[in-house]
Every structure is written in C-alpha cells, then in structure tokens.
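# An overview of the molecular structure
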Amino acid sequence: MMNYDEIMKRLRDSQHDLNAVVTFYEDVVLQAEQAKNKVLKGMPIVLKDNVSTKGVKTTASCKLLNNYVPVFNATIVDKLQESGAVILAKTAMDELAMGGTGLTAYTGPTKNPYDATRISGGSSSGSAALVGAHLVDVAIGSDTGDSVRKPASYCGVVGFKPTYGRISRYGVVAYASSLDHVGIFSNTVAQSAELLSVLQGRDDKDLTSLMSPVEDLSDLSLDLKGKTIGIIKEIQEAKSDNALKLQFNDFLKQLEAQGAMIKEVSLDRQLLEQMYAVYYIVANCEATANHASLDGIRFGERVNADSYQEIMTKTRTQGFGELLKRRFVIGAYGLDDVHQEEVFQKAQKIRRLIVEAYDKALSEVDIVLTLASDTVAPKATELKNHQSLDEMISENHLVLDNFAGYPSITIPLGFDEGLPFGINLAARKLEDKKVLAFASAFEKLIAFSELEKGVNPWIMK
Ligand code: GLN
C-alpha cells in the first residue's frame, strides 16, 4: 500500500516552492481504504479547482467563489473515485480558467517546478506544476484554448485533451462552452490513456457528451514505418529559429529514420492571422454569458447593498480580478444587440472557415506535429504584452484543436538551458487512440524520463 501520509506531507511541503494547491483533502486515508481492489489501485490524483467536489471547496481560484462548497460531484469525480483514484488536493489555476500564466489565482502565483522565477503556464497551473514536480503522477485540468497543453510544455509533462465531448464536463465550472474540454496531465502517455479509459463515455447529464462508442486504449503499440507526419508550413515558419526549433527538426530526422514520412501541409496564413482574435471573441462572449450567474445572489460571496443592482455591481467589482473584468467588457460588447452580428456571429463564421481549412490539412496526413510553444517557460517578470503576428501564430495555434474539438496531446521533447519544452500531436475527431499511440511511440524515442534525471530538481531532491 502506498504511504499516503508521506505523499501528503511532500505535497504540503511543496506549497512553499510551488504554491500549487488551493485545498488539501482531509480524508485521504479513508479514500485509500475505499479504493482497494479497484482498477486505479489507489492512484493519487489532484483536481483543478474548477471541478465541483461535493463538500469540498471549489473556488476556480476566484475570490468571489472562495467560500463555495458544491452540493454535488462533477461526473468525473464520481468516476475517479468509483475506479479507485485517491484525490489529494484541488489545484490553483488562473481565475475561472481565463488566462495562460498561472499568475491570476486569488491565492497567488503558481511557480514553475524547474525555476520559481518562471511561470508554470496556465490556466491549469497547479495541476501541471505538481505533475512536473513528480508529487503526483496524474492530474486533471481543463483546456479551452491550450490550458492543459501549454503548461504541460512549460512543466515537462504530458498534457492531453481528448475529442470534445469524450469526457463529461458536468460539474466542471464552464468558461466557454463550445471550446471547453476536460484534460489530463501525466508523466507518461500510458497514464493518460489509463485515465481516459476510466473517464470517457456518454454522460446524460452533459448534453455535449458524445454518444459514439469508446475505444479500448489498453494497447497503444504502433509501427511508425510508412506513417505520415504532417508539418503545417505556415505554423512552422512562424516559429523562431531557436534551440527549440533545432531540436524539433532533429526529432523529425529521428522519425524519418524510423520509416515515417514527414509531409508539409498548408493552412491559409490569412486565416491563421485571424485565429487568436476569433478565439478571444468567442471565448470571452461565451464566458460573459456563462458567468452572469456569479452575481452574489445566485452564486458567489455577496457584498451587501441596498438594491439588487448594487449588490451585483459591488459583488462583481470586488470579486473579480482585472483581467476578468476586461474580458467581460469585451464579451458584453460582442454579445449586445448592436454588435452581435458583426462581432460574435462573424467570429463564429471565421471559426468555421478555420476548422474547414484545418480539417483539410489533417486529411492529408496521419497526425500533425508542432512545437507546443515557441519558448520555454518565461520569467513572470518578462511576460510580453504585445506579440507580432508570427508570435501570435506560433504561441496560439493549439487553439485550432479547441475550435475543431480534436484530440491533441503535448509530450516533453527536451530541454533548453535546463528548462523543459514539449511537442504537440493532433488528429481528427474521435482519433483519441491514434494520437495516444503516436505519442507513445514518440515517447519511446525521446526517453524524456532519462533526460530529466539530471535536470529536474524534484527528482534530485
Ligand atoms: N490562455 C487562454 C485564455 O486565456 C486559454 C485558457 C484555457 O484554455 N482555459 O483564454
């Protein structure tokens, strides 16, 4: 039996260095008792704090929800516990999952496990950091734009977002419903597959949950010989010529040596240039609608005042951080009667064009492969406010898989000056097993667990 006291102690001690946890579970030994003889065999896990947990605070790292205790479990929580996972903690995140830094939680910034001056990425910052520090092998996150796959790259772990609707979102605090996915962090691809096996499947409580039958993920073996790996020309060209790209290109040669074919595919640059604006509009409009109920009357810690109007205004003014308020202004603008057609609806139309173009590129290959980020985790003090068009494309293309709802996985490739970075693999709808199988084959070639031995401070501790 695992020593849960020891695991919890390490987790608590990590707060000083990582600040990755919002709430620790108190009933871990009891959970472990109940997990006996179940498939996950007491596997320790942590959950992003936007996953509703019955009787356990669920804040989504938002001050307004700092006292919110759900009266029900998200479907994935029931599934995890029925399968014998042991939940240790709820993890810090960017407030309401909006953001990509891990700096906006009301409990303070999450630190990168490799270097405390750097960000862990977000919004699933705490989950990524704890897996990167090997304090747990697996964690749950959510991914609306890249919030599992980008922090995975920054923390040197696997980050997987399956097909839209493959994992139930019932009970996961919504951000942008047409883009939100539950995602999985792990140290190996096999662990992600193991968790997906338990989490996947239709849930009648989530109307976007898929009806299609689930895949058996127990055998991920794959021969790379004759397989076609797609490189999207316009994305590859937008990436900086740096050490990451050099290692990426070396890896392509390794794939060719295994008999895989590298094929360049194209995606209209003009569409790619619209990608982030379209994302920003769709995500913020949907978020504004979804979060209208956080008003101190239906949900959230109330700031008292004389009228409903004033209660709502004061509650929201004091309860949300600056980034959220900015985004809600944009969302409200895009949704109001005067602008809805030219802003929100237009963005949806361009989204459709982008998905069609992406789908066409994917139809020519088995998978597409990219660098998950142009850089290693930036320093918290060196974050950029403005990006060139090339930077915008090379830092945000993972959003394509949210637009389309396609399976997408980041796995670590290597290091640059002691900091990890990852590559991303994606395929078409329902090809979850395929991306896992490719990722597993790549993982064997890369052998990251060997590479990190001399570098990851948490392994050397
Ligand atoms: N960084 C993106 C945003 O702020 C993605 C967030 C996410 O995937 N939850 O919207």
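Please refer to the structure placed before this passage.
Attention in this report is confined to the structure presented alongside it. Predicted model, so just to flag it, every value in this text is computed and none were measured.

The next thing to look at is the sheet that holds strand E7 (residues 158-161). Ordered in space as E1-E3-E2-E6-E8-E7-E12-E13-E11-E9-E10, the 11 strands form an open sheet in which the pairing is mixed. What marks the edges here is a single partner per strand, and that holds for strand E1 (21-24) and strand E10 (261-265). Pairwise comparison of adjacent strand axes, ignoring direction, gives a mean angle of 30° for this sheet. Where strand E9 (residues 228-232) lies against strand E11 (residues 367-371), 2 bridges are found, and the strand directions are parallel. Bridge assignment links isoleucine 229 to a residue of E11, and that residue is isoleucine 367. Contacting strand E2 (43-48), strand E6 (138-143), E7, strand E8 (181-186) and strand E12 (408-416), helix H6 (residues 189-199) crosses the sheet at an angle of about 145° to E8.

We now examine the packing of aromatic side chains. Enumeration over the complete set of coordinates arrives at 10 aromatic pairs. Taking the centre distance of 5.4 Å and the plane angle of 80° together, the rings of phenylalanine 251 and phenylalanine 442 count as edge-to-face. You can see phenylalanine 251 sitting in helix H8 (residues 243-257) and its partner phenylalanine 442 sitting in helix H15 (residues 432-446), a full 191 residues away along the chain. Taking relative accessible area as the criterion, phenylalanine 251 reaches 1% and is therefore assigned buried. Given the relative accessible area of 0%, phenylalanine 442 is considered buried. Their ring planes at 85° and their centres at 6.2 Å tell us that phenylalanine 438 and phenylalanine 442 sit as a pair that is edge-to-face.

By the definition in use, this model includes 23 salt bridges. The salt bridge involving lysine 263 is made with glutamate 364; its shortest N-O contact spans 4.0 Å. Here the residue lysine 263 occupies a position in strand E10, and glutamate 364 occupies one in the loop between helix H12 (341-363) and E11, the gap between them amounting to 101 residues. Among the salt bridges present, the one from lysine 384 reaches glutamate 391, with a minimum N-O distance of 2.5 Å. For lysine 384, a relative accessible area of 58% translates into the label exposed. Each of Asp143, Arg149 and Asp401 takes part in a single network of salt bridges with overlapping partners.

Attention now goes to the side chain of aspartate 180. You can see aspartate 180 is positioned in the loop between E7 and E8. In this structure aspartate 180 is buried but unpaired, with arginine 169 as the nearest side chain of opposite charge at 4.5 Å. A polar atom in the side chain of aspartate 180 sits 2.7 Å from the side chain of threonine 144. Polar side-chain contacts of aspartate 180 include one of 2.8 Å to the backbone nitrogen of tyrosine 175. Setting aside anything within four residues of it in sequence, one finds aspartate 180 in contact with Asp143, Thr144, Tyr164, Arg169, Ala174 and Tyr175.

Turning our eyes to something else, we now look at helix H10 (residues 308-319). If you check H10, its first and last C-alpha atoms are 16 Å apart, about what 12 residues at 1.5 Å a residue would give, namely 16 Å. Within H10, the full set of buried residues consists of Ile311, Thr315, Arg316 and Gly319. Projected down its long axis, H10 carries its buried residues within an arc of 115°, all on one side. Those residues of H10 that are buried lie in contact with helix H11 (322-335).

So, on to the site of the ligand. Taken together, 13 residues sit near the ligand, with Gly99, Gly145, Ser147, Tyr175 and Tyr279 positioned nearest. Aspartate 146 is positioned with one of its backbone polar atoms (N or O) 3.3 Å from an oxygen atom of the ligand. Within the side chain of tyrosine 279, a nitrogen or oxygen atom sits 2.6 Å from an oxygen atom of the ligand. Here the ligand has 290 Å² of accessible area as a free molecule, and 95% of this is covered by the chains. The class makeup of the residues in the shell around the ligand is 4 nonpolar, 6 polar and 3 charged.

Conventions we followed
- Residues numbered from 1 in each chain as written.
- Predicted model: local features only at pLDDT ≥ 70, side-chain atom pairs only at ≥ 80, totals over all residues.
- Heavy atoms only, no water.
- Pairing = 2+ DSSP bridges.
- Helix = DSSP H or I, 4+ residues; strand = E, 2+ residues; numbered from the N terminus.
- Axes fitted to C-alpha atoms, helices over the stretch in contact; angles between N-to-C directions.
- Contact = heavy atoms within 4.5 Å.
- Phe/Tyr/Trp six-rings, centres within 6.5 Å; stacked < 30°, edge-to-face > 60°.
- Buried < 20%, exposed > 50% of the residue type's maximum accessible area, 1.4 Å probe, protein only.
- Salt bridge = Lys/Arg side-chain N within 4 Å of Asp/Glu carboxyl O.
- Lys, Arg positive; Asp, Glu negative; His and termini not counted.
- Polar contact = N/O pair within 3.5 Å; in protein donor to acceptor, adjacent residues only side chain to side chain.
- Expected span 1.5 Å × (residues − 1).
- Arc of directions from axis to C-beta.
- Near = heavy atom within 4 Å.
- Areas by Shrake-Rupley, 256 points an atom, 1.4 Å probe, with all protein chains shown as cover.
- Nonpolar A, V, L, I, M, F, W, Y, C, P; charged D, E, K, R; others polar.

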